[in-house]
Amino acid sequence: MITSVAAPDGRRAAVERWAWRLAPVAAGLGALVLNLVALGRKSLWIDEAQTVDLVTQSWSELWRDIQAFEAPHGVYYAASKLWLSVAGTSEWAVRFPSAVAGALAVSLTCVLGSRLFGRGAGLVAAGALATSVYVVIWSQQGRGYSLALVAAVLATLAFVSALEHRSGWRWALW
């Protein structure tokens, strides 16, 4: 009799664990949908056109120019160069990497908030970030700002991990 009562609770706990593991993915997918709404509707503005100019030059010229930028933006330009060589330079294609980076930032914020303050707080933080007009606008720009946000959240996760585990390699990662 006890095993029959324990089995549904065990299954319920397993389902809850599975659902909470999917929460960051669901939050990121929701953010991606918001980021993709009307993504290619507006013409490129001057800074986005600069991105296209940078990433359509040769790798050596791009590398020279990347050295003048901060690391997340350099990584963004290199990734955009690869992406645009396949996808073309339409407004939608230029902005798509930023939309994906914005969605990734939302997923990582869900993880960070859950780790620091509990699952509910992680979901609230992810929801707030995903629906922030400011974040959505900048996730729809063909610039490296969304990737810089991802880098900031990853750095915070690395810091929290280093504080929790106090290992040298985690401090080095941070």
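Keep in mind that this is a model prediction, so the values were computed, not measured.

Student: Would you mind showing me how to read the packing of helix H5 (residues 91-117) against helix H6 (residues 119-131) here?
Tutor: Each pair of packed helices can be described by the angle between their axes along with the distance between the axes. At a minimum axis separation of 7 Å, H5 and H6 run at an interaxial angle of 150°. If you check the angle between H5 and H6, you find them roughly antiparallel. H5 and H6 meet at a crossing whose hand is right-handed. Contact with H5, carried on its side by Ala105, Val106, Thr109, Cys110, Gly113, Ser114 and Phe117, involves Arg119, Ala121, Gly122, Leu123, Ala125, Ala126, Leu129 and Ala130 of H6 and no other residues of that element.

Student: Looking at this structure, how should I read a nonpolar patch on the surface?
Tutor: Taken together, Trp18, Leu22, Val25 and Leu29 make up a surface patch of nonpolar side chains, about 420 Å² in accessible area. With respect to the helices, strands and loops of the structure, Leu29 is situated in helix H1 (residues 2-36).

Student: What exactly am I supposed to notice about the pattern of salt bridges here?
Tutor: Oppositely charged side chains are able to pair whenever their charged atoms sit close together. The tally for this structure, following the rule as stated, stands at three salt bridges. One salt bridge connects Arg95 with Glu48, and the closest N-O pair in it is separated by 2.7 Å. Of this pair, Arg95 sits in helix H5 while Glu48 sits in helix H2 (residues 46-55), and the two are 47 residues apart along the sequence. Looking at Arg95, the relative accessible area reads 4%, which means it is buried.

Student: Got a minute to help me understand the side chain of Arg95 in this structure?
Tutor: A distance of 2.7 Å separates polar atoms of two side chains, one belonging to Arg95 and the other to Glu48. Those residues within four positions of Arg95 in sequence are excluded, and the remaining contacts are Leu39, Gly40, Arg41, Lys42, Ser43, Leu44, Glu48, Ser139, Gln140, Gln141 and Gly142.

Student: Is there a simple way to explain the packing of aromatic side chains in this structure?
Tutor: Ring pairs (aromatic) are described by centroid distance and by the angle formed between their planes. By the definition in use, this model includes nine aromatic pairs. When the ring of Trp171 is compared with that of Trp174, the centres are 5.8 Å apart and the planes differ by 80°; the resulting orientation is edge-to-face. Through pairs of rings, three or more aromatic residues link up here, namely Trp45, Tyr134, Trp138 and Tyr145. Taking the ring centre of Trp59 as reference, the NZ or CZ of Lys81 above it sits at 5.3 Å.

Student: I would appreciate a short explanation of unusual backbone geometry in the present structure.
Tutor: Where the residue is not glycine, phi is negative for most of them; where a peptide bond is considered, it is trans in most cases. Its identity as a non-glycine residue notwithstanding, Ala38 has a phi of 60°, on the positive side. Mapped onto the elements of the fold, Ala38 is located in the loop between H1 and H2. Non-glycine residue Arg166 carries a positive phi angle of around 50°. Here Arg166 lies in the loop between helix H8 (145-165) and helix H9 (168-173).

Student: Hey, could you run me through H5 in this one?
Tutor: Helical periodicity: at 3.6 residues per turn, an α-helix aligns residues three or four positions apart in one direction. Counted at 1.5 Å a residue, the expected span for H5 with its 27 residues is 39 Å, and the 39 Å between its end C-alpha atoms agrees. The sharpest bend along H5 reaches about 30° and sits at Pro97. Two residues or fewer after H5 comes Gly118, characterised by a positive phi angle close to 110°.

Student: Any chance you could explain the packing of H5 against H8 here in plain terms?
Tutor: Between H5 and H8, whose axes approach to 8 Å, the crossing angle comes to 25°. In terms of orientation, H5 and H8 fall into the roughly parallel class. For the pair H5 and H8, the crossing hand works out as left-handed. Residues Ser98, Ala101, Gly102, Leu104, Ala105, Leu108, Thr109, Val111, Leu112, Arg115 and Leu116 of H5 touch H8, and the partners they reach there are Ser146, Leu147, Leu149, Val150, Val153, Leu154, Thr156, Leu157, Val160, Ser161, Glu164 and His165. By residue class, the composition of the contact of H5 with H8 is 14 nonpolar, seven polar and two charged.

Student: Just to check I follow, could you spell out the environment of Ala162 for this structure?
Tutor: Relative to the helices and strands, Ala162 is located in helix H8. Spatially, the C-alpha atom of Ala162 lies 8.3 Å from that of Leu173, the residues being eleven residues apart in sequence. Contacts of Ala162, omitting those with residues within four sequence positions, involve Ser167, Arg170 and Trp171.

What counts, and at which threshold
- Residues numbered from 1 in each chain as written.
- Predicted model: local features only at pLDDT ≥ 70, side-chain atom pairs only at ≥ 80, totals over all residues.
- Heavy atoms only, no water.
- Axes fitted to C-alpha atoms, helices over the stretch in contact; angles between N-to-C directions.
- Helix = DSSP H or I, 4+ residues; strand = E, 2+ residues; numbered from the N terminus.
- Parallel < 35°, antiparallel > 145°, perpendicular 65-115°, else oblique.
- Left-handed = near helix turned anticlockwise from the far one by under 90°.
- Contact = heavy atoms within 4.5 Å.
- Patch = residues over 30% accessible without salt bridge, like charges linked within 9 Å, V, L, I, M, F, W, Y side chains within 5 Å.
- Areas by Shrake-Rupley, 256 points an atom, 1.4 Å probe, with all protein chains shown as cover.
- Salt bridge = Lys/Arg side-chain N within 4 Å of Asp/Glu carboxyl O.
- Buried < 20%, exposed > 50% of the residue type's maximum accessible area, 1.4 Å probe, protein only.
- Polar contact = N/O pair within 3.5 Å; in protein donor to acceptor, adjacent residues only side chain to side chain.
- Phe/Tyr/Trp six-rings, centres within 6.5 Å; stacked < 30°, edge-to-face > 60°.
- Lys NZ or Arg CZ within 6 Å of the ring centre and 35° of its normal.
- Expected span 1.5 Å × (residues − 1).
- Bend = angle between axes of the 7 residues up to and from the residue.
- Nonpolar A, V, L, I, M, F, W, Y, C, P; charged D, E, K, R; others polar.

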